[in-house]
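An overview of the molecular structure
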Amino acid sequence: MSAADTTTPAKVPPRRQAPPPGPPPRPRRPASAKGGATTPWLLLAPCLLILAGVMGYPLIRLVTLSFQKFGQSQLWGFQDPESVGFANFSKVLSDSDFWQVVLRTVGFTAGAVVFTMVLGMLIALLLQRVSGWVKTLINIALVASWGMPVIVATTVFKWLFDADYGILNALISKLPGVDLIGHNWFASGPQGLAVIMLLVVWGAVPFVVITLSAGLTQVPAELEEAARLDGAGSWGVFRYVTLPVLKPVIVMLTTLSVIWDMGVFPQVFVMRNGHPEAQFQLLTTYSYDRAFVVNDYAQGSAIALITVVLLLGVVAVYMRQMLKIGEVE
């Protein structure tokens, strides 16, 4: 017998079978879907509750009064309020004095916004070109003026432009051929409103400067350098590089300035010692005058509601511009 016959064959191990396939893995839900759509509303709930309590009731009350007959008799409870429909709005919109106040408010707001934005832009550009300590001093002055209470600032401006003791008349009178000693800046409506506009601009410029200065830091230096290499001057760099980058900030600041300047009240009220004359009436003071001087609270509420509608139109224009900017980007 040969060795080949006596050799036992090697055992081959059996092949392992693959485990049966398990159930397919469940797709992972994104993190935003886990919380559901209720999470953002839960986070906003405290703020919305505060806004509803602080602004909701006064606004509802304002709308209710504007559709009622509500005077001093109704205020003291001698008579019940009567629903008059749109009679208050018809009376207001057919009043020529109201439209004069509207035109005066629009002109005042436009002038204040233009001066605020132009002066704020010039100061913000200046801050980019001065030394560090000068920039610090200017920022301190801006924050100090911004933080000054409106009543205090108005009192200071009343003293500056006072006809008898105002320092501004004395300083201007030192110029050759100028004599403003005893000049009353509030003898005419345009001059008095110009003084009040200067006060409003003085209080609004710091916020605009600080915001625009923050926006200017986002302008790429490479784009400015490329524009200069292409032959653009300072105006060209500002127009074609800086302005497009700052456009969202400028739109936001302009809208906020329009809303704030249309709502100017304490500056006019305090500057005219609580009794603004007809040539100084704006929508806010005119609404106050009709409600608390004439004691026609319903008509005053109607004027205030018309003002709110005008401001909502400004907000709608702002939202449309921001959506256009978002589509372009």
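Preceding block: the structure.
Given the structure is predicted, the values throughout are model-derived calculations rather than measurements. (Residues numbered from 1 in each chain as written. Predicted model: local features only at pLDDT ≥ 70, side-chain atom pairs only at ≥ 80, totals over all residues. Heavy atoms only, no water.)

Observations regarding the packing of helix α6 (residues 96-127) against helix α12 (residues 234-262)
Rules: Each axis is a line fitted through C-alpha atoms, and for a helix only the stretch in contact is used; angles between axes span 0 to 180 degrees, taken between their N-to-C directions. Here a helix means four or more residues in a row that DSSP labels H or I, a strand means two or more in a row labelled E, and each is numbered from the N terminus. Relative orientations are named as follows: roughly parallel for angles under 35 degrees, roughly antiparallel for angles over 145 degrees, roughly perpendicular for angles from 65 to 115 degrees, and oblique for any other angle. Left-handed is the label given to a crossing in which the near helix is rotated counterclockwise from the far helix by less than a right angle, and right-handed is the label when the rotation is clockwise. Contacts are assigned to residue pairs with any non-hydrogen atoms lying within 4.5 Å of each other. Residue polarity follows a fixed list, in which Ala, Val, Leu, Ile, Met, Phe, Trp, Tyr, Cys and Pro are nonpolar, Asp, Glu, Lys and Arg are charged, and the others, Gly among them, are polar.
The geometry of α6 relative to α12 is characterised by a closest axis approach of 10 Å and an angle of 140° between their N-to-C directions. For the element pair α6 / α12, the angle class is oblique. Once α6 is placed against α12, the crossing between them reads as right-handed. Taken together, the residues of α12 that come into contact with α6 (itself represented by Phe108, Thr109, Ala112, Val113, Met117, Met121 and Leu125) are Phe238, Leu246, Ile250, Leu253, Thr254, Ser257, Val258, Asp261 and Met262. Of the residues that constitute the contact of α6 with α12, the class distribution is 12 nonpolar, 3 polar and 1 charged.

A closer look at the packing of aromatic side chains
To keep it simple, the criterion reads: Stacked, tilted and edge-to-face pairs are distinguished by plane angle, under 30 degrees for stacked and over 60 for edge-to-face with tilted covering the rest, among Phe, Tyr and Trp rings (Trp via its six-membered ring) whose centres lie within 6.5 Å. A simple rule labels every residue: compare its accessible area, found with a 1.4 Å probe on the protein chains alone, to the largest value its type can have, and call it buried under 20%, exposed over 50%, or partly exposed in between.
Overall, the coordinates contain 17 aromatic pairs when judged by the stated rule. Plain terms: the ring middles of phenylalanine 157 and phenylalanine 161 are 6.1 Å apart, the flat faces sit at 20° to each other, and that makes the pair stacked. Taken individually, phenylalanine 157 and phenylalanine 161 each receive the classification buried, so the pair is uniform in this respect. The structure contains a cluster of three or more aromatic residues connected by ring pairs, namely Phe70, Phe265, Phe269, Tyr288, Phe292 and Tyr297.

Describing the side chain of aspartate 261
In this structure, aspartate 261 sits in helix α12. Residues contacting aspartate 261, with those up to four places away along its chain left out, are Phe108, Thr109, Ala112, Val113 and Val200.

With respect to the packing of helix α11 (residues 221-229) against α12
One way to put it is that α11 packs onto α12 with a least axis distance of 10 Å and a crossing angle of 145°. Considering only the axes of α11 and α12, their crossing is right-handed. Along the contact surface, α11 presents Leu223, Glu224, Ala227 and Arg228, while α12 presents Val237, Val241 and Thr242. Among the residues forming the contact of α11 with α12, the class breakdown is 4 nonpolar, 1 polar and 2 charged.

Some remarks on the environment of alanine 302
Relative to the helices and strands, alanine 302 resides in helix α15 (residues 297-328). Under the relative-accessibility criterion, alanine 302 is labelled buried at 0%. Spatially, the C-alpha atoms of alanine 302 and serine 66 are 4.6 Å apart, while their sequence positions differ by 236 residues. Those residues in contact with alanine 302, other than ones at most four positions away along the chain, are Ser66, Asn88, Phe89 and Val92.

Remarks on the side chain of threonine 255
In this structure, threonine 255 sits in helix α12. The exposure class of threonine 255 is buried, given its relative accessible area of 9%. Aside from chain neighbours lying at most four places away, what touches threonine 255 is Val314 and Tyr318.

Considering the nonpolar core
Which entries qualify depends on this criterion: Here, nonpolar core means buried Ala, Val, Leu, Ile, Met, Phe, Trp, Tyr and Cys residues that are tied together by side-chain atoms lying within 4.5 Å of each other.
Grouped together as the largest cluster of nonpolar side chains are 30 residues, with contacts concentrated most on Val92, Phe98, Leu212, Leu283 and Ile303. Elements supplying a minimum of two residues to this core: α5 (87-93), α6, α10 (189-216), α12, α14 (283-293) and α15. For leucine 283, the contacting residues outside a window of four places in its chain are Phe98, Val101, Val102, Thr105, Met262, Ile303, Thr307 and Leu310. Among the nonpolar cores identified, the runner-up in size contains 24 residues, and Ala112, Val200, Val201 and Leu282 belong to it.

Structural notes on a nonpolar patch on the surface
What counts, and what does not: Candidates for patches are residues over 30% relative accessible area with no salt bridge; among them, like charges are joined within 9 Å and nonpolar side chains (Val, Leu, Ile, Met, Phe, Trp, Tyr) within 5 Å. Calculation of accessible area relied on Shrake-Rupley with a 1.4 Å probe; when residues are assessed, cover is drawn exclusively from the protein chains displayed. Criterion for a salt bridge: a side-chain nitrogen of Lys or Arg within 4 Å of a carboxyl oxygen of Asp or Glu.
On the surface, a cluster of nonpolar side chains totalling about 780 Å² of accessible area is made up of Met148, Val152, Val156, Trp159, Tyr165, Ile167, Leu171 and Trp202. Among the secondary structure elements, those contributing two or more residues to the nonpolar patch are α8 (150-160) and α9 (167-173). Ranked by residue count, the leading element in the nonpolar patch is α8, at 3 residues. Here methionine 148 shows up in the loop between α7 (132-147) and α8.

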